[in-house]
Amino acid sequence: METKTTDLAPLGPRGALKRETAEGLQYLTFSLAGEEYGIDILKVQEIRGWAPVTKVPNAPAFVRGVMNLRGAIVPVIDLRLRFGLETIEYTKTTVVIVVMVQGATGNRVIGAVVDGVSDVLNLQAADIQPAPDFGTAVHTEFISGLVTIEAGMVMLLDVDRLLSVEEMFALEAVRPSEPVAA
Amino acid sequence: MAIDIGQFVQTFFEESFEGLDIMEAGLLALSPGATVDLEQINTIFRAAHSIKGGSGTFGFREVAEFTHVMETLLDRMREGRMPVTRDAVNTLLESVDCLREMLVAAREKSPVDANRVEEVRERLSELLDAKEAPPGDTGGKPASAAKSPSAQVAGWRIRFRPYPQLMHSGNDPVRMFRELADLGELTARADLGRLPRLAELQPEDCYLAWELELRGAVSRDAVAEAFAWVEGDCELEIEPLAGDAPAPAATAVKAPETAAVPPPADPKPGGPREEGQQGELMLERRKGEDRRRGDRRASVAAADSGSSIRVGIDKVDAVINLVGELVTTQSMLSALGEDFDMSRLDKLHEALDQLDRNTRDLQEHVMRIRMLPVSSVFSRFPRMVHDIGGKLGKQIELRINGEQTELDKTVIEKIGDPLVHLIRNSLDHGLEPPDERIRAGKPETGVITLDAYHKSGSIFIEVGDDGRGLNREALLRKGLDNGLLRAGEEYSDEQIYDLIFHPGLSTAKQISDVSGRGVGMDVVRRNIQDVGGSIQIASRPGKGTRITISLPLTLAILDGQLVSIGQDCYIIPLLSIIESVQIRAGEVNRIPGRGEILRFRGQPLPILRLYEMFGAEGAVTDLEKGLLVVVEADGRQVGLFVDDLQGQQQVSIKSLEKNFRRVAGVAGATILGDGRVGLILDISGLIRTNNAAI
């Protein structure tokens, strides 16, 4: 199994980050179907290259399967499908961002498949604008804010809600395997 | 003394908690009214005594004082000066709880609920005072009449001359005096006559002697009791106090006066009638306390689970032996590897086989260290049955079998609560009140059985009662009301009984303190399933209900058979596989509404096409081209249709739920030899869904 791990060491130990940037925030940005999204870097555990996963029967379509993360069983979710976008062939830049999600029943580790990682953004709280009510591919409840950078706009995602297991699977009985409508 | 006693504190706590368990078990075995089993009381007394001694030594004064009161009460029972009443036993049981809380608080250095301690202690003293009074009102033995006057003297003069080495054995006169001071008014006079010059003084020796005067209605035994630990280390004289009390004869006259002073609220006038009221009052109070006690008990359990397990030395020795063998194999292998050529390939294979065997044995034995007898769970039930039975006014006998059956520690921890629930249900709903039982022609005393046994790689625990059984009609109605069942269809008993595991269904007419809120049985089932077990119900109206829980021996590792379905690989626990067969054309019948059935060894065997259930792509769909794996769970068989068998492998079970959620038909996941994730099939779950579908 070939696994590529991007080292996040240049960012420094995660505990130190918060202190260094004082009130500043750091976001990891990634691309998905031509749009840029950002997630709080403190939620990110690691970034891995795409490797085949084990399919889970009767799971919603956006769950690609489960992978072995050093002995732990971690579900892998395709963000394109989660957002109801069309899928593409996985390429060399396709990566899995492993995030720690805080849920009602404790912390869970979840992998999210994205088209590719882009950058790390240093932001001040003042840079973040409120999310718009419409006009995005992503359901607005998952967007915690918007940031304008030189290259365009970055949508900041609320990972805890987006990848909340309760949210993703609780309603699954009602609408099996259906990606969230755009 | 240079010894740091801190290191023994942990041992003290462990032993004390064990002592409490012994006391509890002993108290429950005491049958009020009947002839008192002296040995039983002695056992309880000894346990209390050790706790008292230990807590004094370690400076837990409150504990020591509290235990002392209990001990006094027990002592009187032992000497037959006090009858063993239900009331007394209940109070003592409560004291055991209270003591347990105090010890937990002492261990965790958290504050004790002083009110509760005081309350229980008061009740103990009430008992003491009431029963010390003239015999007749509670039917004390005649012996008590003869004994009590001698016990009620004005006081005692004690000459206490310890030998120099007294303190070497960990005894401290100060502590003993404190104990005496609890009994009555104490004056101590030290005799410094033996005190050497400072230069000659050995700091660890005891040079002092004392003359003590203890005033109060104290029995000689109680005084001697304080010195019980220093017997042989001192000269001790105890004699009745003369002096201002004119003569021994006069003390008897004086006694009632002194005895009457301590209890301001005298319980005597009401006689037996009031006793009954007191009993009721206590039940009321208990209700409120139950919850609190539950919390505290939980905290004891929680603290325990983190700490340690006791392992028999034989188990450890076995592991050490195996490690020795492993080392031998390792050196054999490294010798082989040093100058290896193909001619020694056979030897290498041999050594690898040995390594394989060693690893398996070692694993098995290390697992065994985690195995605990199920009695550690069962032991709490006699008390629970006693308490709840009393509260519900039912007569109940609890029969426990097979408590030595061993189970993995994790499983043991997880099944406690479900079992509590099941037994409560049996107590509350299952067993009828005595009058109803008599009307039904059954013995007045209801029987709850708790069995544990080992069968074919699983542990079974059965909770049975000889009560009224499940109410099929009521369940059916509920099921129809809630839309869980469809009207006009035939349902098997099993399907209907299964409804009690459904959240929100309770057929109890009244919600009681004990159970009936309709939450619970679903949680019970979930907890059992969490540890990889399953639960089944059998019930006969008027005869009783039997709930059988089957549990895996161990959680961590199982032997698995790898099977392929399309591109996916699944694992079937080897233990549940009966055999694998190829299907020939014409052997399979399609039965409308029941799917495909294979006539297999004269029995109809339902076929489950796994690729259909799991939505696998590229799987073999022609029954003749694949394989049928016949599996069994919960006493039922099905054939799982798969593409092919792969290898067999020992797999360690990983949780799928930790980061994901429960998946129907899948018991867990594991990491395969090539690093990929493999899913382990949940056979009993598959069989259940198959049954639900047809």
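Draft legend 1. Representation of the overall build of chain A in the model. In terms of regular secondary structure, chain A is built from four helices and eleven strands. Looking at chain A residue by residue over its 182 residues, the buried ones come to 31%. Long-range contacts, defined as pairs at least 24 residues apart, comprise 59% of the intrachain contacts of chain A with a sequence gap of at least 6.

Draft legend 2. Region of interest: the overall build of chain B. A count of helical and extended segments in chain B gives 21 helices and 22 strands. Counting the 694 residues in chain B, one finds 32% classified as buried. Of the contacts formed within chain B by residues at least 6 apart in sequence, a portion of 70% connects residues at least 24 apart.

Draft legend 3. Region of interest: the environment of Gly84(A). Residue and element names in this part refer to chain A. Secondary-structure assignment places Gly84 in the loop between α2 (79–82) and β7 (95–103). Accessibility expressed as a C-beta count within 10 Å gives 15 for Gly84, which makes it partly exposed. Taking the C-alpha atoms as reference, Gly84 lies 8.8 Å from Phe62; in sequence the two are 22 residues apart.

Draft legend 4. Here's a closer look at the sheet that holds strand β2 (residues 25–32) of chain A. Residue and element names in this part refer to chain A. Within the open sheet, the five strands sit side by side as β9-β2-β3-β11-β10. Their pairing is mixed. The open sheet is flanked by β9 (116–123) and β10 (143–149), the only strands paired with a single partner. In this sheet, adjacent strand axes meet at a mean angle of 30° when their direction is disregarded. Here six bridges tie β2 to strand β3 (residues 35–40), and the two strands are oriented antiparallel to one another. Each bridged residue has a counterpart across the sheet, and for Phe30 the counterpart in β3 is Tyr37.

Draft legend 5. Just the sheet that holds strand β18 (residues 627–633) of chain B, in detail. Residue and element names in this part refer to chain B. Pairing in this open sheet of six strands is mixed, and the strands run β14-β18-β19-β17-β16-β15 from one edge to the other. At either margin of the open sheet sits one strand with a lone partner, and together these are β14 (577–581) and β15 (588–591). Neighbouring strand axes in the sheet, compared pairwise and without regard to direction, differ in orientation by 35° on average. Of the pairings in the sheet, the one linking strand β16 (residues 595–600) to strand β17 (residues 603–609) comprises four bridges and is antiparallel in character. Each residue of the ladder has a partner; that of Arg599, found in β17, is Pro604.

Draft legend 6. Looking closely at the packing of helix α14 (residues 381–392) of chain B against helix α15 (residues 409–430) of chain B. Residues and elements named next belong to chain B. At a closest axis distance of 10 Å, the pairing of α14 and α15 adopts a crossing angle of 30°. The orientation of α14 relative to α15 falls into the category roughly parallel. Seen along the crossing, α14 lies across α15 with a hand that is right-handed. Residue-level contacts link Phe381, Met384, Val385, Ile388, Gly389 and Leu392 of α14 to Val420, Ile423, Arg424, Leu427 and Asp428 of α15. Residues of the contact of α14 with α15, tallied by class, amount to eight nonpolar, one polar and two charged.

Draft legend 7. View of the confidence of the model for chain B. All names here are of chain B. Averaged over every residue, the pLDDT of chain B is 77; residues scoring 70 or more account for 82%. Under a pLDDT of 50 for its full length, residues 133–151 has, in the predicted model, 24 contacts with residues more than four places off or in other chains. The low-confidence segment residues 244–305 (pLDDT under 50) makes 42 contacts with residues lying over four places distant or belonging to another chain. If you check the scores for this complex, the pTM reads 0.47 and the ipTM reads 0.75.

Draft legend 8. Structural detail: the interface of chain A and chain B. The interface of chain A with chain B comprises 20 residues on the first partner and 21 residues on the second. Among the elements of the structure, β5 (63–69), β6 (72–78), β8 (106–114) and α4 (165–170) of chain A are those that each provide at least two residues to the side of chain A that touches chain B. Among the elements that make up the side of chain A that touches chain B, the one with the highest residue count is β6(A) (four residues). In terms of residue class, the side of chain A that touches chain B is made up of 14 nonpolar, four polar and two charged.

Draft legend 9. Just the confidence of the model for chain A, in detail. Residues and elements named next belong to chain A. Per-residue pLDDT for chain A averages 77, and the proportion of residues at 70 or more is 74%. Averaged pLDDT values over the elements of chain A bottom out at 41 in helix α1 (residues 14–20) and peak at 92 in strand β4 (residues 44–49). Low pLDDT (under 50) marks residues 1–21, which in the prediction has 23 contacts with non-local residues, meaning those over four places away or in another chain. Low pLDDT, under 50, characterises residues 171–182; the predicted model gives this stretch 15 contacts beyond four residues in sequence or across chains.

Draft legend 10. The environment of Glu62(B), seen in detail. Residue and element names in this part refer to chain B. Turning to its location among the elements, Glu62 is positioned in helix α3 (residues 61–78). For Glu62, a count of 15 C-beta atoms within 10 Å corresponds to the partly exposed category. For the pair Glu62 and Ala114, spaced 52 residues apart in sequence, the C-alpha to C-alpha distance is 9.9 Å.

Draft legend 11. Main features of the packing of helix α2 (residues 38–57) of chain B against α3(B). Residue and element names in this part refer to chain B. At a minimum axis separation of 9 Å, α2 and α3 run at an interaxial angle of 160°. With respect to each other, α2 and α3 are oriented roughly antiparallel. Crossing handedness for the pair α2 and α3: left-handed. Contacts from Leu38, Ile41, Asn42, Ile44, Phe45, Ala48, His49, Ile51, Lys52, Ser55 and Gly56 in α2 reach Val63, Ala64, Thr67, His68, Met70, Glu71, Leu74, Asp75, Met77 and Arg78 in α3. Taken together, the residues of the contact of α2 with α3 break down into eleven nonpolar, six polar and four charged.

Draft legend 12. Looking closely at unusual backbone geometry. All names here are of chain A. Unusually for a residue other than glycine, Ala33 sits at a positive phi of about 50°. The topology assignment puts Ala33 in the loop between β2 and β3. With 15 C-beta atoms counted inside 10 Å, the residue Ala33 sits in the partly exposed group. With a phi angle near 55°, Asn58 is a residue other than glycine that sits in the positive phi range. Residue Asn58 is classed as partly exposed on the basis of its C-beta count, with 15 C-beta atoms lying within 10 Å.

Draft legend 13. Representation of helix α17 (residues 472–481) of chain B in the model. Residues and elements named next belong to chain B. Those residues of α17 not exposed but buried are Leu475, Lys478 and Gly479. Buried positions in α17, seen along its axis, are confined to an arc of 100° and lie on one side of it. Exposed positions of α17 whose direction lies more than 90 degrees from the buried face are Glu473 and Asp481. The elements touched by buried residues of α17 are α18 (493–497). The first or second residue beyond α17 is Gly483, which carries a positive phi of 75°.

Cut-off values and rules
- Residues numbered from 1 in each chain as written.
- Chains lettered and ligands numbered in written order.
- Predicted model: local features only at pLDDT ≥ 70, side-chain atom pairs only at ≥ 80, totals over all residues.
- Helix = DSSP H or I, 4+ residues; strand = E, 2+ residues; numbered from the N terminus.
- Buried ≥ 20, exposed ≤ 12 C-beta atoms within 10 Å, placed from the backbone.
- Contact = placed C-beta atoms within 7 Å.
- Pairing = 2+ DSSP bridges.
- Axes fitted to C-alpha atoms, helices over the stretch in contact; angles between N-to-C directions.
- Parallel < 35°, antiparallel > 145°, perpendicular 65-115°, else oblique.
- Left-handed = near helix turned anticlockwise from the far one by under 90°.
- Nonpolar A, V, L, I, M, F, W, Y, C, P; charged D, E, K, R; others polar.
- pLDDT = per-residue confidence, 0-100.
- Arc of directions from axis to C-beta.

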